[in-house]
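For reference, the chains in residue letters:
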Amino acid sequence: MRPARALIDLGALQDNYLLARRLGGGKAVAVIKADAYGHGAVRCARALEPIADAFGVACIEEALELRQAGIRAPILLLEGFLEADELPLIDRHRLWTVLASPWQLDALARYRPAAPLQVWLKLDSGMHRLGLSPDDFARALQQLSADPRIASIVAMSHLARADELDSDFTDIQRAVFEAATRDFHGPTSLGNSPALLGWPGIRSDWVRPGLMLYGASPFPLEAPIRHVLRPVMQLESRLIAVRALAAGEAVGYGARFTAPVPMRIGVVALGYADGYPQLAPNGTPVVVDGVTTRLVGRVSMDMLTVDITELPQAGVGSQVVLWGPQPLPTPSQIAQACGTSGYALLCGIKRVRREYLGAAGAATIGQTASASLPG
Ligand SMILES: *Cc1c(COP(=O)(O)O)cnc(C)c1O
């Protein structure tokens, strides 16, 4: 069996959710779109269902997957319906929908639901992606409030630059949102992971944490949060071959790394087809048998190569950890080293076998490797 696997710590996921909700001060939508950012939506939803107020997904397909797996909790379609003929499914499966475009309001006006719908009305407060203009928002708020087909309304908006702690754009967006909801007495929702972790002043009745549930930092630097979040995924594999290189010999495609001195190279069964970044540079940290060493050579589709010159005990079968909880390199650190984000890194994970570690009290990840970091 191929040794590449992602260990998913469901207890850490639960802890991170509870932290997010505490920081938000109200209720929290656990955002598990994109297959729970690569962690497996159904398993994550089952672990969170006893404690989560609601789940957030990107589209009806993701919502139906959860319903078919028996998830009964509220599910919010973060982009709303993408075609009007999804409305009967939203109705039948008791989904919550965002309304973010005038065409969605028109489609809803023509639809007769079996029971009143719960909707989240989205304001464009400055991101200029989805959401209604302040004028359309005010009009829709008034119309929907008087509409017997609508059970309840949450007023929401989304922040474009909350991961930039030195930008004033978050305060500008917040002011636009507050002005647009001043006369609205229902619940509000603002606040993704960077807002919850970096902007403690932002409170709303509902927050919508995604990335932080998985223990990764939404900031370029994770320093401020690495002690409060628990990384959920440990990505690992094993050495499947060992090579001795003479000085001047190169390894892998494009001969990107040439050994300056005689070296031992370990070949790891994990590559970019598993989601490891293809552009990871020479020197990206990799932990072999609990000791931090470095990637050398270009990452290939199914394999990557590491320097084990200083690890004479390492051989075929040695455990290799690509990322995990501290003191292992974290997903955020690897993302930064590879010029990508923790979001893209985690969402990209595929093909590797997922193994789930139980909720509270059970084993946690990070115990399999007692990593030592280089000085
Ligand atoms: C994805 C998403 C979130 C979660 O964002 P994170 O930065 O991962 O916390 C929140 N709200 C909306 C509308 C989203 O699309």
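What counts and how
- Residues numbered from 1 in each chain as written.
- Predicted model: local features only at pLDDT ≥ 70, side-chain atom pairs only at ≥ 80, totals over all residues.
- Heavy atoms only, no water.
- Helix = DSSP H or I, 4+ residues; strand = E, 2+ residues; numbered from the N terminus.
- Rg over C-alpha atoms; globule rule 2.2 N^0.38 Å.
- Buried < 20%, exposed > 50% of the residue type's maximum accessible area, 1.4 Å probe, protein only.
- Domains from an automatic or database assignment.
- Contact = heavy atoms within 4.5 Å.
- Buried area = accessible area lost by both parts, 1.4 Å probe.
- Salt bridge = Lys/Arg side-chain N within 4 Å of Asp/Glu carboxyl O.
- Polar contact = N/O pair within 3.5 Å; in protein donor to acceptor, adjacent residues only side chain to side chain.
- Nonpolar A, V, L, I, M, F, W, Y, C, P; charged D, E, K, R; others polar.
- Axes fitted to C-alpha atoms, helices over the stretch in contact; angles between N-to-C directions.
- Parallel < 35°, antiparallel > 145°, perpendicular 65-115°, else oblique.
- Left-handed = near helix turned anticlockwise from the far one by under 90°.
- Near = heavy atom within 4 Å.
- Areas by Shrake-Rupley, 256 points an atom, 1.4 Å probe, with all protein chains shown as cover.
- UniProt positions renumbered as here; feature names shortened; annotations may be inferred.
- Pairing = 2+ DSSP bridges.
- Core = buried A, V, L, I, M, F, W, Y, C linked by side-chain atoms within 4.5 Å.

Q: Sorry if this is basic, but what is going on with the overall build of the chain here?
A: Per the secondary structure count, the chain includes 11 helices and 18 strands. The C-alpha radius of gyration of the chain comes to 23 Å, within 12% of the 21 Å expected for a compact globule of 375 residues. Projected onto its principal axes, the C-alpha coordinates of the chain cover approximately 75 × 45 × 40 Å. When each of the 375 residues of the chain is scored for burial, the buried share is 54%.

Q: Explanation requested: the domain arrangement of the chain in the structure shown.
A: Accessible area lost when the parts come together is the quantity often used to give the size of an interface. The domain architecture assigned to the chain consists of domain 1 (10–214) and domain 2 (233–372). Its C-alpha centre places domain 1 at a distance of 36 Å from the equivalent point of domain 2. The partner domain 2 presents 12 residues to the 13 residues of domain 1 that form the contact. Taking both sides of the interface into account, the surface hidden between domain 1 and domain 2 amounts to around 1100 Å²; carbon and sulfur atoms contribute 62%. We note a salt bridge from Arg 354 to Asp 35, for which the minimum N-O separation is 2.9 Å. Summed over the shared surface of domain 1 and domain 2, the result is four residue pairs in polar contact (both at pLDDT 80 or more). Breaking the side of domain 1 that touches domain 2 down by element, the ones donating at least two residues are α1 (10–24) and α2 (33–38). Here the side of domain 1 that touches domain 2 gets four residues from one element, more than from any other, and that element is α2. Here the residues of the side of domain 1 that touches domain 2 are counted per class, giving six nonpolar, five polar and two charged.

Q: Help me understand the packing of α1 against helix α3 (residues 41–48), please; the structure alone is not making it clear to me.
A: When two helices pack together, their arrangement is captured by the angle between the axes and the distance separating the axes. Where α1 meets α3, the closest approach of the two axes is 10 Å, and the angle between their N-to-C directions is 60°. In terms of axis orientation, α1 runs oblique to α3. Crossing of α1 against α3: the hand is right-handed. On the side of α1, the interface is formed by Leu 10, Leu 13, Gln 14 and Tyr 17, while α3 contributes Arg 43, Cys 44, Ala 47 and Leu 48. Residues that form the contact of α1 with α3 fall into these classes: six nonpolar, one polar and one charged.

Q: I would appreciate a short explanation of the site of the ligand in the present structure.
A: As a structural note, the neighbourhood of the ligand is formed by 13 residues, with Lys 33, Tyr 37, Ser 193, Gly 210 and Tyr 343 the closest of them. Within the side chain of Ser 193, an N or O atom sits 2.5 Å from an oxygen atom of the ligand. Tyr 343 places a side-chain nitrogen or oxygen 2.6 Å from an oxygen atom of the ligand. When isolated, the ligand has an accessible area of 390 Å², and the protein chains bury 93% of it. Broken down by secondary-structure element, the contributors of at least two residues to the shell around the ligand are α2 and α9 (193–198).

Q: Honestly, the UniProt feature "modified residue: N6-(pyridoxal phosphate)lysine" (unreviewed entry) in the chain in this entry has me stumped. Any pointers?
A: Per the UniProt record, "modified residue: N6-(pyridoxal phosphate)lysine" (unreviewed entry) is found at Lys 33. Along the polypeptide, Lys 33 turns up in helix α2. Taking relative accessible area as the criterion, Lys 33 reaches 28% and is therefore assigned partly exposed.

Q: Where do I start with the side chain of Thr 305 in this structure?
A: Structurally, Thr 305 is set in strand β16 (residues 304–307). With relative accessibility at 11%, the residue Thr 305 sits in the buried group. The contacts of Thr 305, once residues within four sequence positions are left out, are Val 251, Ile 265, Gly 266, Val 267, Leu 295, Val 296 and Gly 297.

Q: Even after reading the chapter, I still don't get the environment of Ala 107, so can you show me in this structure?
A: Note that Ala 107 resides in helix α6 (residues 102–109). Overall, Ala 107 belongs to the buried group, its relative accessible area being 5%. Distance in space between the C-alpha atoms of Ala 107 and Glu 83 is 8.8 Å, their sequence separation being 24 residues. When neighbours within four sequence positions are excluded, Ala 107 is seen to be in contact with Phe 81, Ala 84 and Leu 87.

Q: What am I meant to see in the pairing of strand β15 (residues 291–294) here?
A: On any regular strand, side chains alternate: one points to one face of the sheet, the next to the other face. Sheet topology note: the strand β14 (residues 285–288)/β15 ladder contains four bridges and is antiparallel. Each residue of the ladder has a partner; that of Pro 285, found in β15, is Arg 294. Taken together, β14 and the strand that follows it, β15, pair antiparallel across an intervening segment of two residues, in which Asp 289 is found at a positive phi of about 50°.

Q: How should I be thinking about the UniProt feature "active site" (unreviewed entry) in the chain in this particular structure?
A: In the numbering adopted here, UniProt assigns the feature "active site" (unreviewed entry) to Lys 33 and Tyr 253. Spanning 221 residues, the named residues are also spread out in space, since their farthest C-alpha pair is 34.8 Å apart. By the element assignment, Tyr 253 lies in the loop between β11 (250–251) and β12 (257–258).

Q: What is the right way to look at α3 in this model?
A: Because an α-helix completes one turn every 3.6 residues, residues spaced three or four positions apart along the sequence face the same direction. Among the eight residues that make up α3, six are buried, leaving the element largely enclosed by the rest of the structure. Looking at the buried side of α3, the elements it contacts are α1, β2 (27–31), α2, β3 (54–57) and α4 (60–68).

Q: Can you help me understand the nonpolar core in this one?
A: Looking at soluble globular proteins, one finds that nonpolar side chains tend to be buried together. Of all hydrophobic cores here, the largest spans 110 residues; its most connected members are Phe 55, Leu 121, Tyr 276 and Trp 323. No fewer than three residues from each of domain 1 (10–214) and domain 2 (233–372) sit in this core. Among the nonpolar cores identified, the runner-up in size contains seven residues, and Leu 245, Phe 257, Ile 265 and Val 296 belong to it.

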